[in-house]
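# Structure at a glance
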Amino acid sequence: MEAETGEFTFANGVMVARNALPRIQTRGGGDAKSKKEENDHGSAMTTARKRSAPTTPRRSAPTTPLKDGAGAGATAFATISEEDREKIQLLSISASLASLTRENGPNVVKGDPARKGETTPKVSSAHYHRFVPNLNVTDSYLKFTHFLHNLSPAELYEQAIKYEKGSFITSTGALATLSGAKTGRSPRDRRIVKDDATTAIELWWGKGSPNIEMDEHTFLVNRERAVDYLKSLEKVYVNDQFLNWDPENRIKVRIVSARAYHSLFMHNMCIRPTPEELEDFGDPDFTIYNAGQFPCNRYTHYMTSSTSIDVNLARREMVILGTQYAGEMKKGLFSVMHYLMPKRGILSLHSGCNMGKDGDVALFFGLSGTGKTTLSTDHNRLLIGDDEHCWSDNGVSNIEGGCYAKCIDLSREKEPDIWNAIKFGTVMENVVFDEHTREVDYTDKSVTENTRAAYPIEYIPNAKMPCVGPHPRNVILLACDAFGVLPPVSKLNLPQTMYHFISGYTALVAGTEDGIKEPQATFSACFGAAFIMLHPTRYAAMLAEKMQKYGATGWLVNTGWSGGRYGVGKRIKLQYTRKIIDAIHSGKLLKANYKKTDVFGLEIPTELEGVPSEILDPINTWEDKAEYREMLLKLAGLFKKNFEVFATYKIGKDGTLTDEILAAGPNL
């Protein structure tokens, strides 16, 4: 990756002329300069460009191998010295912050400028970063951008407490901080660069799609604005980390941010490299520029507010302006994985995942309020992950290295694992606490209802490390049906699994939002429509293919109401739902006797140990059978209407797979 640093550059904290830098030996013999002349692939050195020369946009090309030992980055650092490795790392970070329209990249140097007067010994390579001797620079006009590279949680605590107003240590040792005006994601301000060559064809656009288009020029304008802001600061935080616990398919990510809060958040949420992996990290596959403290220009084309989250898949870059909410980085990378992984034949999933003692893996899909977190967290099973996963030919793997848990109304009794995970190293967003004791009040919604805690997954006692497992045996789709007409559990065939996976159904009830008087159906394609890049049927087809190939069974589990709609019936008891989930895990439910329901055509068991037989068929629990029929047809009609947007997308030979999916829906 070229680094535009003018006629001088900074290597290992010293400003030197370009021609004074040593040539770096590579495995194949020769030097880095001659390799650059043969092949334009990530040379550490480059000649300065003339001002009149046109600027070629940089692209953060992927270097992570698809298989072990493959790819350009596999041996790039095998034979070089530690000093030269530091020079390459310095130039790589400088190149990440380079301007697109000016000759020079920033003058970057390691270390905290606040330590300028200190004599800091160089620490051993076992640590994540090193301090270098301070520069004796007398030219007042020369400005440095100090970068703090992969700081430890303790160091980030110090940075946050000292420099970021509103940062405090809670009574349990967590770092409490504020995300500013934005306390949640801004989906209407998220945009994807649409180009004629690839994304215009590959991505899902139009009605129902979460993808809002922007052009390349506007992205570059916002990128320039973000990079200029970051370079104007005395210091920036740089995280080099991984996504996906599958070593053959992991992605290298670099996050450049202005706040210690953001750096610690991503330290927790991404996979943390070992010191050896960090030394050999090289150039990233994807880069985030988080300049969220600085707004975008509202008069720029495509902008509708001072917030903009922009993704350029061709350049492998994301730019954040006008929001400090850290969840934008997490979910932005998840969207990127929804694009990159299917290109490798890997299915990306918005799901929980756990594994039994016998190696049986289950995937849990569900929208907010369906019980996904509660049911996937089982002390008798190992937790592979709570939110984002990949399913490849190697099995299932967690994308992340941490958990991002809701904190509103959190209690030790209901969620002991989350409660105990809130300790030193955890980031808490927008919580309210006692001024003297620093004890958090989890019931306080005065800042936002979306209070959160981000912590490493190993803070969960029964987390499986590394976070990988064999192929899933069961795929469980959770729905909280407030209409009271879906059975507590149904066994699904493959077309039905695809239909309900694409639908992503649950229901809102009175009290959850203002103005809701009766149950309202809500649908989110693939149980995560806000994050998907491709058309939902593409993911559904991949899911069905993998389920068929590896013998997984699909289930629809209703955690909502029985005996009537919300306000009339009662919610299905959690103990019954747990019995159902246990029977799925053990395989007992596969051996049960089944019958088919009307309208939805679902296969339901006639009896199940520990669950009253009368609730297994919803019609038995309704006193008014006519009202049951009315509600059943109403919900079926809502399913049909929601699916209209997907009906025209043809997959399979001659669109036969689409026809099978449509036939698996309710029959009116």
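Numbering of residues begins from 1 in every chain and follows the order in which that chain's sequence is written. pLDDT decides what is reported in this predicted model: residues at 70 or higher carry local features, side-chain atom pairs at 80 or more are listed and counted, and totals for whole chains, interfaces and linings draw on all residues regardless. Excluding hydrogens and water, the side-chain values take into account all heavy atoms of the structure.

Going by an unreviewed UniProt entry, the chain carries the name phosphoenolpyruvate carboxykinase (ATP) and comes from Ananas comosus var. bracteatus.

## Re the confidence of the model for the chain
Reading predicted coordinates in detail is not appropriate for stretches of low pLDDT. Defined as follows: A residue's pLDDT is the predictor's confidence in that residue, given on a scale from 0 to 100. Throughout, a residue-residue contact means that at least one pair of heavy atoms, one from each residue, lies within 4.5 Å.
The share of residues in the chain with pLDDT of 70 or more is 81%, and the mean pLDDT across the chain is 84. pLDDT under 50 marks residues 65-76. Its contacts with residues more than four places away, or in other chains, come to 14 contacts. A low-confidence stretch, residues 119-142 (pLDDT under 50), is modelled with 43 contacts involving residues beyond four sequence positions or located in other chains.

## A look at the sheet that holds strand S20 (residues 402-406)
Operational definition: In this scheme, strands are said to pair when DSSP sees at least two bridges between them. Strands are runs of DSSP state E lasting at least two residues, helices are runs of H or I lasting at least four, and both sets are numbered from the N terminus onward. Geometry is summarised by axes, namely lines fitted to C-alpha atoms with helices restricted to the contacting stretch, and by angles between N-to-C directions that run from 0 to 180 degrees.
Read across the open sheet, the 5 strands follow the order S5-S6-S21-S24-S20; overall the sheet is mixed. Of all strands in the sheet, those bounded by a partner on one side alone are strand S5 (168-169) and S20. Bridge analysis of S5 against strand S6 (residues 175-177) gives 2 bridges, and the strand direction is antiparallel. Across the sheet, residue Ile169 finds its bridge partner in S6, namely Leu175. Its contacts with the sheet put helix H6 (residues 260-269) on S6, S20, strand S21 (427-429) and strand S24 (452-456), and the angle it makes with S21 is roughly 120°.

## Notes on the sheet that holds strand S4 (residues 145-149)
The strand order across the open sheet built from 9 strands is S3-S4-S9-S10-S11-S13-S12-S7-S8, with neighbouring strands paired in mixed fashion. Edge strands, defined here as strands with exactly one partner in the open sheet, are strand S3 (108-110) and strand S8 (212-214). The sheet shows a mean angle of 25° between the axes of neighbouring strands, taken without regard to direction. Bridge count for S4 against strand S9 (residues 235-243) is 4 bridges, and the pairing is parallel. Note on S9: the bridge partner recorded for Leu148 is Tyr237.

## Regarding the pattern of salt bridges
Pairing between side chains of opposite charge can happen when the charged atoms of each approach one another. Inclusion rule: For salt bridges, the criterion is a side-chain nitrogen of Lys or Arg within 4 Å of an Asp or Glu carboxyl oxygen. For every residue, the accessible area obtained with a 1.4 Å probe (protein chains only) is divided by the maximum for its type, and the residue is called buried under 20%, exposed over 50%, and partly exposed between those limits.
Scanning the model with the defined rule gives 22 salt bridges in all. A salt bridge links Glu317 to Arg223; the shortest N-O distance between them is 3.0 Å. Of the two residues, Glu317 is situated in strand S13 (residues 317-321) and Arg223 in helix H5 (residues 216-232); the sequence distance between them amounts to 94 residues. No difference in accessibility class separates Glu317 from Arg223, as the two residues are buried. Glu458 is paired through a salt bridge with Arg272; the nearest N and O atoms lie 3.0 Å apart.

## Thoughts on the side chain of Ser257
On the secondary structure map, Ser257 appears in strand S10 (residues 251-257). Dropping the residues within four chain positions of it, Ser257 is found in contact with Leu230, Val236, Tyr237, His262, Ser263 and Asn290.

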